[in-house]
Each structure stands twice: as structure tokens, then as C-alpha cells.
Protein chains: 2
Amino acid sequence: MDLGEPEPRPGQEPVNRVKPRKATRIQIRNQERILDGALSIFASTGFRGATVDELARASGMTKPNLLYYFRSKKALYIAVLELVLERWLEPLEQLDPDGDPAEQILAYMRAKLAMSKERPEDSRLFANEILNGAPMLGAVLQGHLKELVEQKAAVIRHWCDTGQLNRVDPYHLIFMLWATTQHYADFEVQVTALLGDNQRDKTYGDAADTLETVLMQGLLPRA
Amino acid sequence: MDLGEPEPRPGQEPVNRVKPRKATRIQIRNQERILDGALSIFASTGFRGATVDELARASGMTKPNLLYYFRSKKALYIAVLELVLERWLEPLEQLDPDGDPAEQILAYMRAKLAMSKERPEDSRLFANEILNGAPMLGAVLQGHLKELVEQKAAVIRHWCDTGQLNRVDPYHLIFMLWATTQHYADFEVQVTALLGDNQRDKTYGDAADTLETVLMQGLLPRA
DNA sequence: GTCTATAAGAGGATAGAC
DNA sequence: GTCTATCCTCTTATAGAC
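All values reported here derive from a predicted model rather than from experimental measurement.

Chemist: If you had to explain the packing of helix H5 (residues 101–118) of chain A against helix H10 (residues 200–219) of chain A to someone new, which residues and values would you point to?
Modeler: Residue and element names in this part refer to chain A. Their axes nearest at 10 Å, the elements H5 and H10 cross at an angle of 155 degrees. As judged from the angle between their axes, H5 and H10 are roughly antiparallel. When you trace H5 past H10, the crossing you get is right-handed. On H10, the residues touching Ala 102, Ile 105, Leu 106, Met 109, Arg 110, Leu 113, Ser 116 and Lys 117 of H5 are Arg 200, Asp 201, Tyr 204, Ala 207, Ala 208, Leu 211, Glu 212, Leu 215, Met 216 and Leu 219. In the contact of H5 with H10, the residues fall into twelve nonpolar, one polar and five charged.

Encoded structure:
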């Protein structure tokens, strides 16, 4: 997924200064370390809240050294978004039109919940970006994401039309699945404030049970 | 709800410089204008993303003039949070232990959805704050909010125990209601990117229908 | 109460030595 | 490739005139 560079000044090098052909092991390792640390910082403070100093410290580098690898804070941010976007959308892509509706929706819910548990920073990265108006991700929302969701909404609509699911709006069902699962990552401090922080496994287990109960009884036609 | 001032330097005046006793109509009006504009700015960019310049422009004032009314950007932010917190928590407080369970939960869902529609900035203000670790709201989460949620969770648990609702975890049911309703405010750009922006009424109508269908069939015991 | 001017400092990015 | 030193802009907050 290519987000494009907002300001490709003429004569300037692209987002990533290092020429792919000449990338040494050190360069690759450093880039990965930077991206890794940057995800963590951007996820917890958003784009504007992050400072290049913090970003550099997060990967054990100095500021100018980080800026040797990524031309600017913005370029780094875009690189992180691109990196994370692929695995972010994968669970929805896996939704199988030929599978059993109930099973497919439950599997999607569980995959998204697992992502909130295992990769909460991915979720918070996107939450920050979208909450603040999706300045960098806007094109993706109206392009690739829109296509993907249209396609999967059609699948769900077909399941409703053939009586395999109760009649619900497919888009809003998808929003419901997103909201309920991402909530545990995005609002983690609130969840742990209310449930206690030594309860992570239990929290996600109970969440899955509750969602399964409500979704299955709510979506499956009564016999 | 008092959030307290993080750094009450001795000899300094409190958050709001204007002495309550002497507040003139102009002062009150100006404070309201500032708080109003500030909500809009803080909601869309978060605390760190907002600049005092923007905050001042949003209320048609100059920077020093705004800082005459509120000692610092942080003090203004806290004042906005305090102002909004009360109406933010009201719907949950309204949940009536003596009402009909299905009706009460539907009414809560509808009230929260209405808040997302009518006051999306309130929702985004809190979303930004919590997503970024609730630096100012942490005490509220572990204090007043925790008590309120415990109390309402007990109500829901009682409804489950007496067979009026399916057995679900009350906390996670509350999270589900929060997540599904606040999603429409917090991720509005995504929702409109996927559904179109000339559809606000339809969007919220369909959302309510979908949530009602899933919740009612998912929560009410089968006859 | 409101303004212009400015101090004080944080933050993004670069220069240039090594 | 990496560092120290530095530039310059943006931002918070204050001084002091009116």
C-alpha cells in the first residue's frame, strides 16, 4: 500500500533515503529498529505529539542519524503507516464468502480481538490518525479500504438475503465489529482502570465470550 | 467534577483567573466563548496538537487576551474537560434499575448514539484524552467513573441473574455499548468515507436499527 | 480588558567534522 | 554512517502600553 509523499520536492530523494539496491544489513536493521520504535511513539502520542528526539531515542539513535534514514518526521510516519496497514487489513480480507456465515463472523471478531491484544499499538496508530481527521490516510479510506469494505459488505448482504443471517445493515455490522474489538486496544487505559491491570487474559477472554453471545444470538435467525 | 490543577504553584491564582464574585456579563460571555471554541479545537487535534493561537482565533480573541482568562493552555484544557464531563456521564447515570431491562439498555444506546450525532466533539475530546493515556483524566477513570460503572454493572448483573437478560459480563456489555455508539463520532471521517457524507441522518438511523436488532435478539432470552 | 511586542524555550531539520 | 553543534521556525507565556 503506497500512501504517496505529500511534498515530493523536485530534486529531492524519496521517503527513504537509502537506495534499495545498496541496502546493507546494517541499514536494513536500522530501518527496522527505527520503524519499530516509531510505531510505539506515534501510537501513544499521535503524529503531532511525537518529537524527533523521542523517535530517535526509541530506536537508540541520535536525531540526525534517524534523519539520515528518513528525510523527515512526516516521511517516517508515512512509512510506519504503510508498514502497518497491510497486516491491519488482513483479517477482513480473510472473510470467506464460501464459509459458514456464523463461523466467518466469529472468526473475524476473534482475529480483530487478537490484534487488539497482541498489537494494540497498530490499533492506536490508526485510531490517532483517523480521530484527527486522517490527514495521511484519507486517500486510503476512500480508495482501497472502501473497495474492500464494499466487497465484504456484499458478502454479508448475501448471507442476509439468503436467510443465513438476520437482516442487518452490512456496513453497520462491520462498524460494530471494528468498534467492539478495537475498543480494547484504543481505550486500554480506561478498560484497565475499570477492570484492573492484572487481568489482561481474563479481560480478552470475557470480551470474546460476551461478543460471541451477543453476536451469535443477535445475528442468527431463530429456529 | 473537579480534576484539580496539576501544578498549583503557591501564590498563583487558580485555573480561572477571574474571581467568581466579580465576574461581569462580559467576562462570563468571554469565558463561554473561549470554552466553546476550545472544545472544538481540542476535540479535533488533541491537547498537544492545539496551539494557543488556534484556540484564541476560535473564540475571536488575541492570544494574550485568552491567557488573561485562562492561565495556560493546560488550565483551559482542564476547564473544557470538566465542563464536558458532566453531560458525558449523564446517560449512564440515567440507567434505571427499576425499569425494564430491554428498554433501559435500548434507551442508553439511543442516548449515546444521539450524543455521537449531536455532540461528536465531546466524544472526540475524550477519545483523544484516553487514547493518549488519559494524562488529565486518569484520576476520574479510577474514581468517579469506576464507581458509576460498578454501580450500573451491578444493575445489569441483577437483570442477568433474574433471567431478564441473557448471561453476559456486564462490564463488557457496557464497553460494547460505548464502543459501538462512540465509534460514529470518533471515527466519523472513516464512516463518512465509506458511507458518503450526505447521509448523516440515514447513517445514524441505520446504526440505531442495526444495534437494536443485534442487542435485542442477542440479549433477550429466547422464549 | 485588550492590545503589540517580545522573551524564553522547544522542536524540526541541516552543516560539516570524523 | 554517525556525531556535535547549530540554525531557524513555531509555540507558550509575559511585559507593559493603552
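And the narrative resumes.
Chemist: Explain the packing of aromatic side chains to me, using residue names and the numbers behind them.
Modeler: All names here are of chain A. Going through the model one piece at a time under the given rule, you end up with 16 aromatic pairs over all chains. When the ring of Phe 47 is compared with that of Tyr 77, the centres are 4.9 Å apart and the planes differ by 50 degrees; the resulting orientation is tilted. Taken as a pair, Phe 47 in helix H1 (residues 25–49) and Tyr 77 in helix H4 (residues 73–93) lie far apart in primary sequence, 30 residues in all. We classify Phe 47 as partly exposed; its relative accessible area is 23%.

Chemist: Provide a residue-level description of the relation of the copies chain B and chain A, including the pertinent values.
Modeler: Mapping between the two copies of the chain is achieved by a rotation about an axis and a shift along the axis. After a rotation of 180 degrees and a shift along the axis of 0.0 Å, chain B superposes on chain A with an RMSD of 0.0 Å. Put plainly, the chains are arranged around a two-fold axis. The position closest to the rotation axis in chain B is occupied by the C-alpha of Gly 218 of chain B, lying 1.9 Å away. Of the interface residues in chain B, 100% have counterparts in chain A that sit at the interface too, so the contact is made through matching surfaces.

Chemist: Requested: an account of the domain arrangement of chain A, with residues and values cited.
Modeler: Residues and elements named next belong to chain A. For chain A, the assigned domains read domain 1 (1–83) and domain 2 (94–219). For domain 1 versus domain 2, the distance between C-alpha centres works out to 29 Å. Facing the 13 residues of domain 1 at the interface are twelve residues of domain 2. Summed over both sides, the interface of domain 1 with domain 2 buries roughly 1100 Å², with 75% coming from carbon and sulfur. Linking domain 1 with domain 2 are zero salt bridges. Linking domain 1 with domain 2 are two residue pairs in polar contact (both at pLDDT 80 or more). When contributions to the side of domain 1 that touches domain 2 are tallied by element, the ones reaching two or more residues are H1 and H4. Residue contributions to the side of domain 1 that touches domain 2 peak at six residues, all from H1.

Chemist: Provide a residue-level description of the nonpolar core, including the pertinent values.
Modeler: Ranked by size, the top nonpolar core spans 142 residues in total, and within it Leu 76 of chain A together with Leu 76 of chain B carry the most contacts. Non-local contacts of Leu 76 of chain A, meaning those with residues more than four positions away in its chain, are made with Ile 34, Leu 35, Ala 38, Phe 42, Leu 55, Leu 66 and Phe 70 of chain A. Residues Ile 130 of chain A together with Ala 127, Ile 130 and Phe 187 of chain B belong to the second largest nonpolar core, which totals eight residues.

Chemist: Report on the interface of chain B and chain A, specifying residues and quantitative values.
Modeler: Of the residues lining the interface, 57 residues belong to chain B; the matching set on chain A comes to 57 residues. Considering only the surface of chain B that becomes buried against chain A, Leu 131, His 172 and Leu 194 of chain B emerge as the three largest contributors, covering 15% of it. At the boundary of chain B and chain A, one finds zero salt bridges. At the surface where chain B touches chain A, the tally comes to eight residue pairs in polar contact (both at pLDDT 80 or more). For the side of chain B that touches chain A, the secondary-structure elements that each account for two or more residues are helix H1 (25–49), helix H6 (120–131), helix H7 (138–161), helix H8 (170–186), helix H9 (188–195) and helix H10 (200–219) of chain B.

Chemist: Describe the protein's contact with DNA strand D, with residues and values.
Modeler: Neighbouring DNA strand D are 18 residues; Gln 27, Thr 62 and Tyr 69 of chain A together with Val 52 and Lys 63 of chain B lie closest to it. Of everything in DNA strand D that lies within 4 Å of the protein, sugar and phosphate atoms constitute 59%. Taking Thr 62 of chain A, its side chain carries an N or O atom lying 2.8 Å from a phosphate oxygen of DNA strand D. The contact in question runs from a phosphate oxygen of DNA strand D to an N or O atom on the side chain of Tyr 69 of chain A, over 2.8 Å. Counting residues per element, the surface near DNA strand D draws most heavily on helix H3 (residues 63–69) of chain A, which supplies four residues. In terms of residue class, the surface near DNA strand D is built from seven nonpolar, seven polar and four charged.

Chemist: Quick one: what's the story with unusual backbone geometry, residue by residue and with numbers?
Modeler: Residues and elements named next belong to chain A. Even without a glycine there, the phi angle at Ala 134 is positive, about 55 degrees. Take Ala 134: it is sitting in the loop between helix H6 (120–131) and helix H7 (138–161). Judged by relative accessible area, Ala 134 falls into the buried class, the value being 5%.

What counts and what doesn't
- Residues numbered from 1 in each chain as written.
- Chains lettered and ligands numbered in written order.
- Predicted model: local features only at pLDDT ≥ 70, side-chain atom pairs only at ≥ 80, totals over all residues.
- Heavy atoms only, no water.
- Axes fitted to C-alpha atoms, helices over the stretch in contact; angles between N-to-C directions.
- Helix = DSSP H or I, 4+ residues; strand = E, 2+ residues; numbered from the N terminus.
- Parallel < 35°, antiparallel > 145°, perpendicular 65-115°, else oblique.
- Left-handed = near helix turned anticlockwise from the far one by under 90°.
- Contact = heavy atoms within 4.5 Å.
- Nonpolar A, V, L, I, M, F, W, Y, C, P; charged D, E, K, R; others polar.
- Phe/Tyr/Trp six-rings, centres within 6.5 Å; stacked < 30°, edge-to-face > 60°.
- Buried < 20%, exposed > 50% of the residue type's maximum accessible area, 1.4 Å probe, protein only.
- Least-squares fit on C-alpha atoms with pLDDT ≥ 70 in both.
- Domains from an automatic or database assignment.
- Buried area = accessible area lost by both parts, 1.4 Å probe.
- Salt bridge = Lys/Arg side-chain N within 4 Å of Asp/Glu carboxyl O.
- Polar contact = N/O pair within 3.5 Å; in protein donor to acceptor, adjacent residues only side chain to side chain.
- Core = buried A, V, L, I, M, F, W, Y, C linked by side-chain atoms within 4.5 Å.
- Near = heavy atom within 4 Å.

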